[in-house]
Amino acid sequence: MTRDNKIKKYLPQAKSVFYLVQCPKCGSRQVIFSHATIEVRCLSCNELLAKPTGGKAKIYGQIIEVYK
Ligand SMILES: [Zn+2]
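The text that follows walks through the structure, step by step, so that each part is easy to find. (Residues numbered from 1 in each chain as written. Predicted model: local features only at pLDDT ≥ 70, side-chain atom pairs only at ≥ 80, totals over all residues. Heavy atoms only, no water.)

### Digging into the nonpolar core
Core analysis: the largest hydrophobic core is formed by 12 residues, namely Val17, Tyr19, Val21, Cys23, Ile32, Ala36, Val40, Cys42, Leu49, Ala50, Ala57 and Ile59. Going through the elements one at a time, strand E1 (18–22) and strand E4 (48–51) are the ones with two or more residues in this core. Excluding residues within four positions of it along the chain, Val17 makes contact with Ile32, Phe33, Ser34, Val66, Tyr67 and Lys68. (Core = buried A, V, L, I, M, F, W, Y, C linked by side-chain atoms within 4.5 Å. Buried < 20%, exposed > 50% of the residue type's maximum accessible area, 1.4 Å probe, protein only. Helix = DSSP H or I, 4+ residues; strand = E, 2+ residues; numbered from the N terminus. Contact = heavy atoms within 4.5 Å.)

### Regarding a nonpolar patch on the surface
Residues Phe18, Val31, Phe33 and Tyr67 make up a contiguous nonpolar surface patch of about 340 Å² in total accessible area. Classification of Phe18 as partly exposed rests on a relative accessible area of 40%. (Patch = residues over 30% accessible without salt bridge, like charges linked within 9 Å, V, L, I, M, F, W, Y side chains within 5 Å. Areas by Shrake-Rupley, 256 points an atom, 1.4 Å probe, with all protein chains shown as cover. Salt bridge = Lys/Arg side-chain N within 4 Å of Asp/Glu carboxyl O.)

### Quick word on the coordination of the zinc ion
The protein atoms that coordinate the zinc ion are Cys23 (SG), Cys26 (SG), Cys42 (SG) and Cys45 (SG), at distances spanning 2.2 to 2.3 Å. Between the 4 donor atoms coordinating the zinc ion, the angles at the centre fall across 104 to 116°, so the site counts as tetrahedral. Each donor residue of the zinc ion lies on one chain, and together they are spaced C-x2-C-x15-C-x2-C. Separated by 16 residues along the polypeptide, Cys26 in the loop between E1 and strand E2 (29–33) and Cys42 in the loop between strand E3 (40–41) and E4 bring together distant segments of the chain. You can call Cys42 buried: its relative accessible area is 3%. (Donors = N, O, S within 2.8 Å, 3.2 Å for Na, K, Ca; no water. Tetrahedral: all angles 85-135°; square planar, octahedral: opposite > 155°, others 65-115°.)

### Overview of the sheet that holds strand E5 (residues 58–59)
Neighbouring strands of a sheet are bound in pairs by backbone hydrogen bonds; such pairs are parallel or else antiparallel. Read from one edge to the other, the open sheet built from 3 strands follows the order E3-E4-E5, with strand pairing classed as antiparallel. Every interior strand has two partners, whereas the edge strands, E3 and E5, have only one. (Pairing = 2+ DSSP bridges.)

### Looking at the pairing of E4
Note: E3 against E4, 2 bridges, orientation antiparallel. Its bridge partner lying in E4, Val40 is registered against Ala50. Between E3 and E4, which pair antiparallel and follow one another directly, the connecting turn spans 6 residues, one of which, Asn46, has a positive phi of 70°. Bridge analysis of E4 against E5 gives 2 bridges, and the strand direction is antiparallel. Paired with Lys51 across the strands is Lys58, a residue of E5. Connecting E4 to the next strand, E5, in antiparallel fashion are 6 residues, including Gly54 with a positive phi near 105°.

Okay, structure coming up:
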């Protein structure tokens, strides 16, 4: 008789970081949380910069810098 007990290990969510994102529309820069849970819009032109996905947010602008 064999028992196949596979213990699945779930690693905690990857470390959260902050991104410095440049708006593709107006070029202004803004810091966005990598796991943003709400839509993030550009403060200057209201362009959508990040959208929550349940995990890591989808970033629409260009990531200039990553703050760890
Ligand atoms: Zn903008």
